[in-house]
Amino acid sequence: MKDMAILNRRKPGDSLLEIEFTPKGKKETVSLYVYAKDKLEASNYLILNHIWGKQNRIIYKSLARM
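Residues numbered from 1 in each chain as written. Predicted model: local features only at pLDDT ≥ 70, side-chain atom pairs only at ≥ 80, totals over all residues. Heavy atoms only, no water.

A. Layout of the environment of lysine 61. Mapping lysine 61 onto the fold places it in strand β3 (residues 53–62). Accessibility expressed as a relative area gives 44% for lysine 61, which makes it partly exposed. A sequence separation of 37 residues divides lysine 61 from lysine 24, and the C-alpha atoms of the two residues are 25 Å apart. Excluding residues that lie within four positions of it along the chain, lysine 61 makes contacts with Leu16, Leu17, Glu18 and Tyr33. A distance of 3.2 Å separates the side chain of lysine 61 from the side chain of glutamate 18, its partner in a polar contact. (Helix = DSSP H or I, 4+ residues; strand = E, 2+ residues; numbered from the N terminus. Buried < 20%, exposed > 50% of the residue type's maximum accessible area, 1.4 Å probe, protein only. Contact = heavy atoms within 4.5 Å. Polar contact = N/O pair within 3.5 Å; in protein donor to acceptor, adjacent residues only side chain to side chain.)

B. Quick look at unusual backbone geometry. Residues other than glycine seldom take positive phi values, yet histidine 50 does so here, at roughly 60°. Locating histidine 50 in the fold gives a position in the loop between α1 (39–48) and β3.

C. Molecular detail of the sheet that holds strand β2 (residues 30–36). Here three strands make up an open sheet; going across it, the order is β2-β1-β3 and the pairing antiparallel. Only two strands of the sheet have a single partner each, and these edge strands are β2 and β3. Taking the axes of each pair of neighbouring strands and ignoring which way they run, one obtains an average angle of 30° across the sheet. In this structure, strand β1 (residues 15–23) lies alongside β3, joined through eight bridges in antiparallel fashion. From the neighbouring strand, isoleucine 19 faces β3, where its bridge partner is isoleucine 58. (Pairing = 2+ DSSP bridges. Axes fitted to C-alpha atoms, helices over the stretch in contact; angles between N-to-C directions.)

D. Quick peek at the environment of glutamate 18. Structurally, glutamate 18 can be placed in strand β1. Expressed as a C-alpha distance, the spacing of glutamate 18 and alanine 5, which sit 13 residues apart in the sequence, is 9.7 Å. Those residues in contact with glutamate 18 that lie beyond four places of it in its chain are Ser31, Leu32, Tyr33, Arg57, Ile58, Ile59 and Lys61.

Structure follows, in structure tokens:
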């Protein structure tokens, strides 16, 4: 898995979020970017795509224009 990669494409109304997590079986943290409507959707994106590990924090990097 590549550090600092954007995992999906932007849809209207999505914000860019950075997810910092520790992959299962590793000790080093990794940062990934996801387009999602909120933090819960961003967290679910990792789970639904079988990206396992401990999610340390989720940060908004850019907000969608309403």
